[in-house]
Amino acid sequence: MTQVQPAHKRILLKLSGEALMGDDQFGINRATIERMVSEIVEVSKVGVQVAVVIGGGNIFRGVAGGSAGMDRATADYMGMLATVMNALALADAMDKQGLTARVMSAIGIEQVVEPYVRPKALQYLEEGKVVVFAAGTGNPFFTTDTAAALRGAEIGAEVVLKATKVDGVYTADPMKDPTATRYTKLAFDEAIGRNLGIMDATAFALCRDQKLPIRVFSIVKPGALLRVVMGEDEGTLVHA
Ligand SMILES: Nc1ncnc2c1ncn2[C@@H]1O[C@H](COP(=O)(O)OP(=O)(O)O)[C@@H](O)[C@H]1O
Ligand SMILES: O=c1ccn([C@@H]2O[C@H](COP(=O)(O)OP(=O)(O)O)[C@@H](O)[C@H]2O)c(=O)[nH]1
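None of these values were measured; they are calculated from a predicted model. (Residues numbered from 1 in each chain as written. Chains lettered and ligands numbered in written order. Predicted model: local features only at pLDDT ≥ 70, side-chain atom pairs only at ≥ 80, totals over all residues. Heavy atoms only, no water.)

### A few points about the site of ligand 1
Our working rule: If a single non-hydrogen atom of a residue is within 4 Å of a molecule or strand, that residue counts as near it. Between N or O atoms, a polar contact is any pair within 3.5 Å; within protein, one atom must be a potential hydrogen donor and the other a potential acceptor, and residues adjacent in sequence are included only when both atoms are from side chains. The Shrake-Rupley method, run with a 1.4 Å probe sphere, supplies the accessible areas, and residue values consider only the shown protein chains as cover. All residues other than Ala, Val, Leu, Ile, Met, Phe, Trp, Tyr, Cys, Pro, Asp, Glu, Lys and Arg, Gly among them, are scored as polar; the first ten of these are nonpolar and the last four charged.
In the region of ligand 1, 17 residues are neighbours, and Lys162, Thr164, Tyr170, Asp173 and Met175 sit closest. Measuring from an oxygen atom of ligand 1, one finds a side-chain N or O atom of threonine 164 at 2.7 Å. Protein chains shield 85% of the accessible area of ligand 1, which is 570 Å² for the free molecule. The residue makeup of the shell around ligand 1, split by class, is eight nonpolar, four polar and five charged.

So, in structure tokens, the structure goes:
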């Protein structure tokens, strides 16, 4: 029998902060994070190199702070620090499940985690370690989706996998429009042109320019990550 090979050698997985929240209102839900990590273990076992960009929306969202009267850049730095907390929790859960995880931060916070240094990240990936990128791009006014596009391009990932609450890209926000239908694939130009709110335009534009495909899939569907990595039809592919 021939061994089924994964469709990708190196992936950039974007996990939203809310992915760690489970059914809680905020923060980190232990069972949820453990389940997420067990899915990453499965993917790592089939020989795929995994880098993760983690969000922070479960702890703090800069835009919300901004709208409440706080200086936007300050609020965004708080958001970035929230992603560092999530990264630490994620890496801890990974280590407990037998993976070796390394957290790299886009902002200097050396006593807590090591700084992002691209060659070092590449080295870790080659060694089979899981790299968790924290603090987004390190700049206010950006999102962790854009950080996923940026780091994905930098490390030569074959695909950005956006694990989120919905199971793909829809013609309109499915949370608001029950008649919305899901695409199996669509081009970047269409996603940007139609202003589809699943990812911000900066992230889409960066991936389009670098010809880095994005697959959007459900975080709540058990086994979806492995199916995506094995090349099975799951979620929506956004391509050049
Ligand atoms: N065209 C669309 N297709 C799918 N989801 C959409 C679309 N437009 C808006 N959304 C919304 O985008 C959300 C995912 O984006 P976001 O909240 O930024 O994700 P995350 O927090 O996972 O990074 C979904 O929960 C969905 O309600
Ligand atoms: O490069 C970045 C990435 C994130 N953030 C801030 O960090 C917050 C959390 O990130 P995001 O909303 O992308 O997290 P997610 O929705 O994935 O949980 C954002 O709202 C921003 O305030 C930022 O300023 N620059």
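### With respect to the site of ligand 2
Residues in close proximity to ligand 2 total 19 residues, the closest being Gly17, Asp76, Thr137, Asn139 and Thr144. For ligand 2, an oxygen atom lies 2.7 Å from a polar atom in the side chain of threonine 137. Here a nitrogen atom of ligand 2 and a backbone polar atom of phenylalanine 142 are 3.1 Å apart. Considering only residue class, the shell around ligand 2 consists of four nonpolar, twelve polar and three charged.

### Quick look at the packing of aromatic side chains
What counts is decided by this rule: Two rings belonging to Phe, Tyr or Trp (six-membered ring only in the last case) form a pair when the distance between their centres is within 6.5 Å. Interplanar angles under 30 degrees mark stacking, angles over 60 mark edge-to-face geometry, and anything in between is tilted. Helix numbering and strand numbering both begin at the N terminus, where a helix is a DSSP run of H or I of at least 4 residues and a strand a DSSP run of E of at least 2. Only protein chains enter the accessibility calculation, which uses a 1.4 Å probe; a residue whose area is less than 20% of its type maximum is buried, one above 50% is exposed, and one in between is partly exposed.
Taken as a whole and assessed by the stated rule, the structure comprises two aromatic pairs. Geometrically, the ring pair formed by tyrosine 116 and phenylalanine 133 is edge-to-face, given 5.4 Å between the ring centres and 85° between the ring planes. Here phenylalanine 133 lies in strand E5 (residues 130–134) and tyrosine 116 lies in the loop between strand E4 (114–115) and helix H4 (118–126), a separation of 17 residues in the sequence. Tyrosine 116 sits in the buried class, given a relative accessible area of 16%. The exposure class assigned to phenylalanine 133 is buried, which follows from its relative accessible area of 1%. When the ring of phenylalanine 188 is compared with that of phenylalanine 204, the centres are 6.3 Å apart and the planes differ by 65°; the resulting orientation is edge-to-face.

### A closer look at helix H7 (residues 201–210)
Put simply, the rule is: In this description, one arc is meant: the one made by directions from the helix axis to the C-beta atoms. Residue contacts follow a heavy-atom distance rule, with two residues in contact if any of their heavy atoms lie within 4.5 Å.
If you check which residues of H7 are buried, you get Ala203, Phe204 and Cys207. Looking straight down H7, one finds that the buried residues subtend no more than 95° of arc, so they occupy a single side. Considering only its buried residues, H7 is in contact with helix H5 (144–154), strand E6 (159–164), helix H6 (188–193), strand E8 (214–218) and strand E9 (236–239). Two residues or fewer past H7, lysine 211 is found with a positive phi of approximately 55°.

### Some details on the pattern of salt bridges
Heads up, the rule is: Each salt bridge in this description consists of a side-chain nitrogen of Lys or Arg and a carboxyl oxygen of Asp or Glu lying within 4 Å of one another.
For the coordinates displayed, the defined rule picks out 20 salt bridges. For arginine 227, the salt bridge goes to glutamate 234, with nearest N and O atoms at 2.9 Å. Look at arginine 227 and you get partly exposed, because its relative accessible area is 26%. You can call glutamate 234 buried: its relative accessible area is 6%. One network of salt bridges, in which partners are shared, links Arg30, Glu34, Asp92 and Lys96.

### Some details on the environment of methionine 104
For methionine 104, the position within the fold is in strand E3 (residues 101–105). Residues methionine 104 and threonine 181, 77 residues apart in the sequence, show an inter-C-alpha distance of 38 Å. Apart from the residues lying within four places of it in its own chain, the contact partners of methionine 104 are Glu114, Pro115, Tyr116, Val117, Lys120, Ala121, Tyr124, Val131, Val132, Phe133 and Ala134.

### Notes on the pairing of E6
Worth spelling out the cut-off: We call two strands paired when DSSP finds no fewer than two bridges between them.
Counting buried positions along E6 gives six out of six residues, so the element sits mostly inside the fold. Residues Val159, Leu161 and Ala163 point to one face of E6 and Val160, Lys162 and Thr164 to the other, with burial holding for every one of them. In terms of strand pairing, strand E1 (residues 10–15) meets E6 through five bridges, oriented parallel. Across the sheet, residue leucine 15 finds its bridge partner in E6, namely alanine 163. With five bridges connecting them, E6 and E8 associate as parallel partners. The partner of threonine 164 across the bridge, within E8, is serine 218.

### What to know about the UniProt feature "binding site: UMP" (unreviewed entry) in the protein
Heads up, the rule is: UniProt positions are given in the numbering used here, feature names are shortened, and annotations may be inferred rather than shown by experiment.
Within this structure's numbering, the places UniProt gives as "binding site: UMP" (unreviewed entry) are Gly56, Asp76, Thr137, Gly138, Asn139, Pro140, Phe141, Phe142, Thr143 and Thr144. With the annotated positions falling across 89 residues, the maximum pairwise C-alpha distance of 14.1 Å places them together in a single cluster. Structurally, threonine 137 can be placed in the loop between E5 and H5. Not counting chain neighbours up to four residues away, the residues in contact with threonine 137 comprise Ala106, Phe142, Thr143, Thr146, Ala147 and Leu150. Within the element layout of this structure, threonine 144 appears in helix H5. By relative accessible area, threonine 144 is classed as buried at 16%.

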